[in-house]
Amino acid sequence: MSRKRVIVNGMVQGVGFRYYTEAQASGLGLGGYVRNMPNGAVEAEIEGDDDAVERMLTWLRRGPRSASVESVQVTDLAEHGEASFSIRI
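This text gives an overview of the structure that appears in the document. (Residues numbered from 1 in each chain as written. Predicted model: local features only at pLDDT ≥ 70, side-chain atom pairs only at ≥ 80, totals over all residues. Heavy atoms only, no water.)

Let us now look at the environment of Ser86. As for its position among the elements, Ser86 is in strand β5 (residues 85-88). You can call Ser86 partly exposed: its relative accessible area is 29%. Expressed as a C-alpha distance, the spacing of Ser86 and Arg18, which sit 68 residues apart in the sequence, is 9.2 Å. (Helix = DSSP H or I, 4+ residues; strand = E, 2+ residues; numbered from the N terminus. Buried < 20%, exposed > 50% of the residue type's maximum accessible area, 1.4 Å probe, protein only.)

We now examine the environment of Ile89. Structurally, Ile89 is set in the segment after β5. For Ile89 and Ser26, which are 63 residues apart along the polypeptide, the C-alpha to C-alpha distance reads 18 Å.

For the coordinates displayed, the defined rule picks out six salt bridges. The salt bridge partner of Arg3 is Glu47, with a shortest N-O separation of 2.5 Å. Of this pair, Arg3 sits in strand β1 (residues 2-11) while Glu47 sits in strand β3 (residues 42-48), placing them 44 residues apart in sequence. The pair formed by Arg3 and Glu47 is uniform in burial state, with each residue classed as buried. The residue Glu82 makes a salt bridge to Arg3 at a minimum N-O spacing of 2.9 Å. On the criterion of sequence distance, the pair formed by Glu82 in the loop between β4 (68-77) and β5 and Arg3 in strand β1 is long-range, its members being 79 residues apart. (Salt bridge = Lys/Arg side-chain N within 4 Å of Asp/Glu carboxyl O.)

If you want it as structure tokens, here you go:
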């Protein structure tokens with residue numbers, strides 16, 4: 001089990017990035033959240049099985065076809081035991 005904070009930069013707001021992220025994370029059985037940041041980036045915290053977290057990180061580096069990901073920053077966090085994934089406003 002692991003938890004990561006991910007900051008995704010690029011054309012990632014206004015393209016459905018959060019909704020695709022929620023669908024992908026939920027499909028992988030991950031907990032956490034995704035939200036838009038004031039600077040135009042998207043922040044996500046993902047938690048779950050190490051393999052599922054790595055698969056999600058791979059997906060976040062590409063994003064949905066409607067997005068253009070320029071960079072991704074990943075930070076390790078302490079686990080919270082969060083089992084569901086949500087979109088935060």
